[in-house]
Amino acid sequence: MAETPEGLLARLAAAGIAAETRHHPPVFTVAESRDLRGELPGGHTKNLFLKPAKGEGPFLLATLEEERQVSINALARIAEAGKVRMASAEELMATLGVPPGSVTPFGLVNAAPGSVRFVMDRHLAEGFARIWVHPLTNAASTGLAPADLLGFLAGLGHPATLLDLG
């Protein structure tokens, strides 16, 4: 059974991770997020859930700074992931336990170690004191220190590779 947003937030609290969650109407795009968030200081994210174009292999979850412009092919090259394509809604739900519009690095709480490679924009990880991600629902945003997010996910068996995207 997939983790719930409430369960996720309880796990963060139990781990001693300072996180702030703001609820809002569901958002599906960066533009919608920008319009709703008001004054939430820090880095804001966008996420891509990709799969190998051919054959088997781990999925690729990329968390990028929301303004970052990079093609999927360029991202895959930098991540040394080979050719990729967008994963289906069914694959997203089966692997991360979230529907389209709610892709988040927190979805890794539902993924088996080794089933997903997690990559993050180095600027996002190192350039902000706080970043905002969905807590398994696109009807809320959770802000926390990037190091806390990365440490939490590494503890679940999902270490991040930081990418220099230029």
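You'll find the structure just up there.
Notes on the structure in this doc start here. Everything numeric in this text was worked out from a predicted model, so none of it was measured.

## A closer look at the overall build of the protein chain
Then comes step 1: Within the protein chain, the regular secondary structure consists of six helices and eight strands.
Then comes step 2: In sequence order, the secondary structure elements of the protein chain are arranged as α-β-α-β-β-α-β-α-β-α-β-β-α-β.
Then comes step 3: In terms of C-alpha radius of gyration, the protein chain reaches 15 Å, essentially the compact-globule figure of 15 Å for 166 residues.
Then comes step 4: Considered along the principal axes of its C-alpha atoms, the protein chain spans approximately 40 × 35 × 25 Å.
Then comes step 5: With 166 residues in all, the protein chain has 45% of them scored as buried.
Then comes step 6: Put simply, 69% of the contacts in the protein chain that link residues at least 6 apart link residues at least 24 apart.
Then comes step 7: Working note: accessible area of the protein chain is about 8000 Å², and carbon and sulfur atoms make up 55% of it.

## A few points about unusual backbone geometry
Then comes step 1: Even without being glycine, E80 reaches a positive phi, approximately 55°.
Then comes step 2: For E80, the location among the structural elements is in the loop between α3 (72–78) and β4 (84–86).
Then comes step 3: One non-glycine residue, L136, lies in positive phi territory at about 75°.
Then comes step 4: Mapped onto the fold, L136 is located in the loop between β6 (131–133) and β7 (140–144).
Then comes step 5: For L136, a relative accessible area of 8% gives the class buried.

## Focus on the pattern of salt bridges
Then comes step 1: Using the criterion set out here, one finds seven salt bridges in the structure.
Then comes step 2: Its salt-bridge partner being R22, residue E20 comes within 2.7 Å of it at the nearest N-O pair.
Then comes step 3: Using a relative accessible area of 35% as the deciding quantity, one classes R22 as partly exposed.
Then comes step 4: Two residues, R122 and E126, come together in a salt bridge whose shortest N-O distance is 3.1 Å.

## Considerations on the packing of aromatic side chains
Each aromatic ring pair is specified by the distance between its two centres and by the angle formed by the two planes.
Then comes step 1: Scanning the model with the defined rule gives two aromatic pairs in all.
Then comes step 2: On the numbers, 6.2 Å between centres and 75° between planes, the contact of F106 with F152 is edge-to-face. You can see F106 sitting in the loop between α4 (89–96) and β5 (116–121) and its partner F152 sitting in helix α6 (residues 146–155), a full 46 residues away along the chain. Both residues of the pair, F106 and F152, count as buried.

Scoring rules and cut-offs
Residues numbered from 1 in each chain as written. Predicted model: local features only at pLDDT ≥ 70, side-chain atom pairs only at ≥ 80, totals over all residues. Heavy atoms only, no water. Helix = DSSP H or I, 4+ residues; strand = E, 2+ residues; numbered from the N terminus. Rg over C-alpha atoms; globule rule 2.2 N^0.38 Å. Buried < 20%, exposed > 50% of the residue type's maximum accessible area, 1.4 Å probe, protein only. Contact = heavy atoms within 4.5 Å. Areas by Shrake-Rupley, 256 points an atom, 1.4 Å probe, with all protein chains shown as cover. Salt bridge = Lys/Arg side-chain N within 4 Å of Asp/Glu carboxyl O. Phe/Tyr/Trp six-rings, centres within 6.5 Å; stacked < 30°, edge-to-face > 60°.

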